[in-house]
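The lines below spell out each chain.
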Amino acid sequence: MAVEVLGLVLSPTWVLACGAISLFLFFYDSRLPAVVCGDPDMVKQVMVKSFDHFVNRRKLPINNKETEEAVGNLRDDHWRNVRNMIAPAFSGSKMKQMSPMVNEIADRMVENIRKYQEADGYFECKQVYGSFVMDTIASCTFGLDVDSHADPDNPFVAHGKKAFEVSLTNVGLIIATFFPWTSPILKFFNFTLFPRDSIGFFRDVAQKAIEIRKAPNADGQKSKHS
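Thresholds, definitions, all that
- Residues numbered from 1 in each chain as written.
- Predicted model: local features only at pLDDT ≥ 70, side-chain atom pairs only at ≥ 80, totals over all residues.
- Heavy atoms only, no water.
- Helix = DSSP H or I, 4+ residues; strand = E, 2+ residues; numbered from the N terminus.
- Buried < 20%, exposed > 50% of the residue type's maximum accessible area, 1.4 Å probe, protein only.
- Contact = heavy atoms within 4.5 Å.
- Axes fitted to C-alpha atoms, helices over the stretch in contact; angles between N-to-C directions.
- Core = buried A, V, L, I, M, F, W, Y, C linked by side-chain atoms within 4.5 Å.
- Salt bridge = Lys/Arg side-chain N within 4 Å of Asp/Glu carboxyl O.
- Pairing = 2+ DSSP bridges.

**Student:** Break down the overall build of the protein chain for me, with residues and values.
**Tutor:** A count of helices and strands for the protein chain gives nine helices and four strands. Each helix and strand of the protein chain, ordered N terminal to C terminal, gives the series β-β-α-β-β-α-α-α-α-α-α-α-α. Evaluated residue by residue, the protein chain yields a buried proportion of 28% over its 226 residues. Contacts in the protein chain between residues at least 24 apart in sequence constitute 48% of all its contacts with a sequence separation of at least 6.

Okay, structure coming up:
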């Protein structure tokens, strides 16, 4: 994840690749000067020990109503306030509640790997682990039982894949990347990086999940699921 430092972008990615050559790699990310750090100790210093000094991340070149309030796009105190609100969802007790769901999906992934191995002698790591991540998010976040392996045409799976297939030929992306000052104009004309139907699908799923959690249960109490 990129971190802005004095106008530069400090990133912990490619550590092994550039670490074998040099501790630092300097380049231009379109119009933005960037540096990739290959020193694990420095990466740990920035991402862990001094994390409170590096809270801001690079924003998407184009944001719409749904993405501009995403945690990764928030800045400074607004980010801290939202981060403090969502932190309890990742407490030890909540993670323990999610553990059985994650383990069940992991067992299903192992079984699918076994089937691929018996049938073809190999499997596509990206496909298998991508399905594991997709199923885990669907289960833990939205309370949905999704099997990406057995049901690849499931709407949740289809829209999830579609949302992450950002085209580098996207006209709005190209314009905003090389001419950042045009971002407000592109937003006004409703340009977006992500397919509108996929954005609408996940917005509806999230709203329904919130309504279910707020709805009274059989005892007249609000659901305690989170």
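**Student:** Lay out the environment of Tyr-129 in plain terms, naming residues and giving numbers.
**Tutor:** In this fold, Tyr-129 is placed in helix α5 (residues 125–142). Sequence separation between Tyr-129 and Ala-106 is 23 residues, and the spatial gap between their C-alpha atoms is 9.6 Å.

**Student:** Break down the packing of α5 against helix α9 (residues 196–214) for me, with residues and values.
**Tutor:** Contact pair α5 / α9: the axes reach a minimum separation of 10 Å and the direction vectors enclose 35 degrees. Residue-level inspection shows Cys-140, Thr-141 and Phe-142 of α5 in contact with α9, the latter providing Val-205, Ala-206, Ala-209 and Arg-213.

**Student:** Quick one: what's the story with the nonpolar core, residue by residue and with numbers?
**Tutor:** Within the largest apolar cluster, eight residues are counted, these being Met-134, Ala-138, Phe-142, Val-146, Phe-156, Val-157, Val-205 and Ala-209. When residues of this core are traced back to their parent elements, those giving at least two are α5, α6 (155–163) and α9. Among the elements that line this core, the one with the most residues is α5, at three residues. Those residues in contact with Phe-156, other than ones at most four positions away along the chain, are Met-134, Ala-138, Phe-142, Leu-144, Val-146, Phe-201 and Phe-202. Ile-62, Leu-173, Leu-186 and Leu-193 belong to the second-largest nonpolar core, a separate cluster that totals five residues.

**Student:** Report on the pattern of salt bridges, specifying residues and quantitative values.
**Tutor:** Applying the stated rule across the entire model yields seven salt bridges. Asp-135 is paired through a salt bridge with Arg-108; the nearest N and O atoms lie 3.5 Å apart. Remark: Arg-108 occurs in helix α4 (residues 92–120) and Asp-135 occurs in helix α5; sequence separation between them is 27 residues. Residue Asp-135 is classed as buried on the basis of its relative accessible area of 1%. Among the ionic pairs, Glu-118 bridges to Arg-114, the shortest N-O distance being 2.6 Å.

**Student:** Lay out the pairing of strand β3 (residues 24–29) in plain terms, naming residues and giving numbers.
**Tutor:** As paired strands, β3 and strand β4 (residues 32–37) are joined by six bridges and run antiparallel to one another. By the bridge assignment, Asp-29 is partnered in β4 with Leu-32. The turn linking β3 back onto β4 is made up of two residues, and Ser-30 within it adopts a positive phi angle of 55 degrees.

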